[in-house]
Amino acid sequence: MKYDLIHDKNYKAWLADIKTKIRSAQLKAAVTVNTQLLEFYWELGADILSKQTQAKWGDGLLLQLSKDLMSEFPGMKGFSYRNLRGIKQWYSFYSKGLPISQQSIALIAKIPWGHNMAIISKCKTLDEALYYVQGTIAYNWSRSVLVHQIESGLYKREGKALSNFAATLPKPQ
């Protein structure tokens, strides 16, 4: 006689645990891929800026690079002219003025590319941008929530409201 696993409580609990672990592994893999991709974008942005200034290739570089990369990697997204221009702008935004720390680069690489593009298109300063990067990580903001927070001026309001919540509320477990 064959045992009916589908109705066994222990089997159901074990199966649910396995499904949770699979979803967790999938999420961790996606985050790792995103981080690696953004670290590559950081290097590519630095290379593009360097080549455009040192080699005097100018704006034609992005168009040709886009064509060549899309031809070589047809199934891979992210090499359109528009995205390469965004990579250059992203690198330029965070690297202008003072050198940005490796810790800040690692932080920036933790959020999705679309979030990064929204931040650099709407923030004026590095401090403001990093504030929204940290908020996105801490509160898991969707892109629309992030844009709303930026457009509503959360960064500017945050310092004005005095609060003793951090000192009086117990830390979450």
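Overview of the structure.

Conventions we followed
Residues numbered from 1 in each chain as written. Predicted model: local features only at pLDDT ≥ 70, side-chain atom pairs only at ≥ 80, totals over all residues. Heavy atoms only, no water. Axes fitted to C-alpha atoms, helices over the stretch in contact; angles between N-to-C directions. Helix = DSSP H or I, 4+ residues; strand = E, 2+ residues; numbered from the N terminus. Parallel < 35°, antiparallel > 145°, perpendicular 65-115°, else oblique. Left-handed = near helix turned anticlockwise from the far one by under 90°. Contact = heavy atoms within 4.5 Å. Salt bridge = Lys/Arg side-chain N within 4 Å of Asp/Glu carboxyl O. Buried < 20%, exposed > 50% of the residue type's maximum accessible area, 1.4 Å probe, protein only.

## Some thoughts on the packing of helix α3 (residues 81-95) against helix α5 (residues 113-122)
Each pair of packed helices can be summarised by the angle the axes make with each other and by the distance between the axes.
Here's step 1: At a minimum axis separation of 10 Å, α3 and α5 run at an interaxial angle of 60°. Taken together, the axis directions place α3 and α5 in an arrangement best described as oblique. As α3 packs across α5, the resulting crossing turns out to be left-handed. Mapping the contact onto sequence places N83, G86, I87, Q89, W90, F93 and Y94 in α3 and W113, N116, M117, I119 and I120 in α5.

## Brief notes about the pattern of salt bridges
Here's step 1: Applying the stated criterion across every chain yields a total of 2 salt bridges.
Here's step 2: In this structure, K21 and D17 form a salt bridge, with 3.3 Å as the shortest nitrogen-oxygen distance. Residue K21 and its partner D17 are both found in helix α1 (residues 9-54); the two are separated by 4 residues, about one turn of the helix.
Here's step 3: Of the residues examined, D17 reaches a relative accessible area of 36% and is grouped as partly exposed.
Here's step 4: Put simply, K122 and E151 hold a salt bridge, and the shortest N to O gap is 3.0 Å. Note that K122 is positioned in helix α5 and E151 in helix α7 (residues 143-151), a separation of 29 residues in sequence.

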